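Observations on chain architecture
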Amino acid sequence: MRKFAALFILTLTAMWSPAARALIVFGYNATVNDRFCGGYATAPVNNASGSFVGSGFDWSGVGWSTSSPSQSVALITPQNFVAASHFEPAIGTTLTFFGSDNVLHAYTVAGYSSISFNGGIDDLAIGTLTAAISASDQVAFYPVLALPQLSDYVNRSLLVYGHHPAGPVIGTNTLDAFGSISLNGGTANDFVYQTTYSSVTGSTQGEGGDSGGPTFTVFNGALTVLGVHSAVGTDGSGTQYTFDSFIPSFIPQINTILSSHGGYSVTAIPEPATAATMLGVIALGAVWGVRRRRGGA
């Protein structure tokens, strides 16, 4: 995650947290939160426990940088994935996916296209692989949930994907609010949603090194990708926050990119048309003024 010095225009003053290198999951338990038994390995073993928070869902479309496993990406087509602009796996990086066939599959990053917002570059990038993932590899790609209003997403339950010393982990949280933050100390040009972490009531908090990891929400019993981790912060009372770039707002822009990078389009559910109104709705949301501290993830 990026580190910031910040001022909320809402009701509180915030100072951004120092970097750490693990997703904080309240009450972490390997049986409940680990994607794999034994972490990243030559031959990973999926967590088959009935108490696993991600049980019953297909996680094969979430891959990682082979050379830097804390960098996670989520596929949105057989050849395209979402990432954080400020912490994306470099072009030429090998990404590893663990297919439903229980085999590791390696693909190479070919390039990126950035998403623009409010006169700047949003912290959301669309990555392209050098080749589409073969259907025989049994690797999933995820639809994007496109609801009519931003308010329809508030209080939705989330499955938050990140890195832990033991390997990839999944925690839970809820979506609290929307706003904008600045990537450069000027115009607020990163549209995000906020989640909150409490060491008393629980949930999940991103930390340094988790940027670009995906967050999902469940719709009609299946995973839909909602955001990628962008920033973390804490207020004067010690309450901690994670900010994710909000993918559904940019479905029209993403589809323009995809049309020339593999010829795909986002699978938007329940109705693709609803996403087209989302960029207009953004301007009505609360805005946070945030100054980016240079360097770091």
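As a starting point, this report considers the structure included with it. Keep in mind that this is a model prediction, so the values were computed, not measured. (Residues numbered from 1 in each chain as written. Predicted model: local features only at pLDDT ≥ 70, side-chain atom pairs only at ≥ 80, totals over all residues. Heavy atoms only, no water.)

A tally of regular secondary structure across the protein chain gives 4 helices and 20 strands. A total of 297 residues make up the protein chain; the buried ones form 55% of that total. Long-range contacts, defined here as pairs at least 24 residues apart, represent 66% of the contacts in the protein chain between residues at least 6 apart. Surface accessibility of the protein chain: about 11,100 Å² in total, with carbon and sulfur atoms responsible for 56%. (Helix = DSSP H or I, 4+ residues; strand = E, 2+ residues; numbered from the N terminus. Buried < 20%, exposed > 50% of the residue type's maximum accessible area, 1.4 Å probe, protein only. Contact = heavy atoms within 4.5 Å. Areas by Shrake-Rupley, 256 points an atom, 1.4 Å probe, with all protein chains shown as cover.)

If you walk around this closed barrel you meet the 6 strands as β4-β5-β6-β9-β8-β7, and the pairing is antiparallel. On average, adjacent strands in this sheet sit at an angle of 40° to one another, irrespective of strand direction. Alignment of strand β6 (residues 80–83) against strand β9 (residues 120–129), held across 4 bridges, turns out to be antiparallel. Bridge pairing links F81 to G127 in β9. The strands touched by helix α2 (residues 251–259) are β6, β8 (104–117) and β9; relative to β8, the strand with the most contacts, the crossing angle is about 125°. (Pairing = 2+ DSSP bridges. Axes fitted to C-alpha atoms, helices over the stretch in contact; angles between N-to-C directions.)

Further remarks concern the environment of P69. Looking at the secondary structure, you find P69 in the loop between β4 (62–65) and β5 (72–75). Residue classification places P69 among the partly exposed residues on the basis of a relative accessible area of 27%. Between the alpha carbons of P69 and T96 there is a distance of 8.9 Å; along the sequence they are 27 residues apart. Apart from residues no more than four positions distant in its own chain, P69 is found in contact with Y40, W64 and H163.

Strand β7 (residues 94–98) sits mainly inside the fold: 4 of its 5 residues count as buried. Here 2 bridges tie β4 to β7, and the two strands are oriented antiparallel to one another. Bridge pairing links W64 to T96 in β7. Pairing of β7 with β8 involves 5 bridges; the strand directions are antiparallel. Bridge assignment links F98 to a residue of β8, and that residue is L104. In this antiparallel pair of consecutive strands, β7 and β8, the connection spans 5 residues, and N102 shows a positive phi of 65°.

Moving on to the side chain of N80. Checked against the element boundaries, N80 lands in strand β6. For N80, a relative accessible area of 0% puts it in the buried group. In terms of polar contacts, N80 uses its side chain to reach the side chain of T128, at 3.1 Å. A distance of 3.1 Å separates a polar atom in the side chain of N80 from the backbone oxygen of H261. (Polar contact = N/O pair within 3.5 Å; in protein donor to acceptor, adjacent residues only side chain to side chain.)

Moving on to unusual backbone geometry. Across the junction of I269 and P270, the peptide omega takes the value 5°, indicating a cis bond. Along the polypeptide, P270 turns up in strand β19 (residues 268–270). Look at Q138: it is not a glycine, yet its phi comes out positive at around 55°. Relative to the assigned elements, Q138 resides in the loop between β9 and β10 (144–146).

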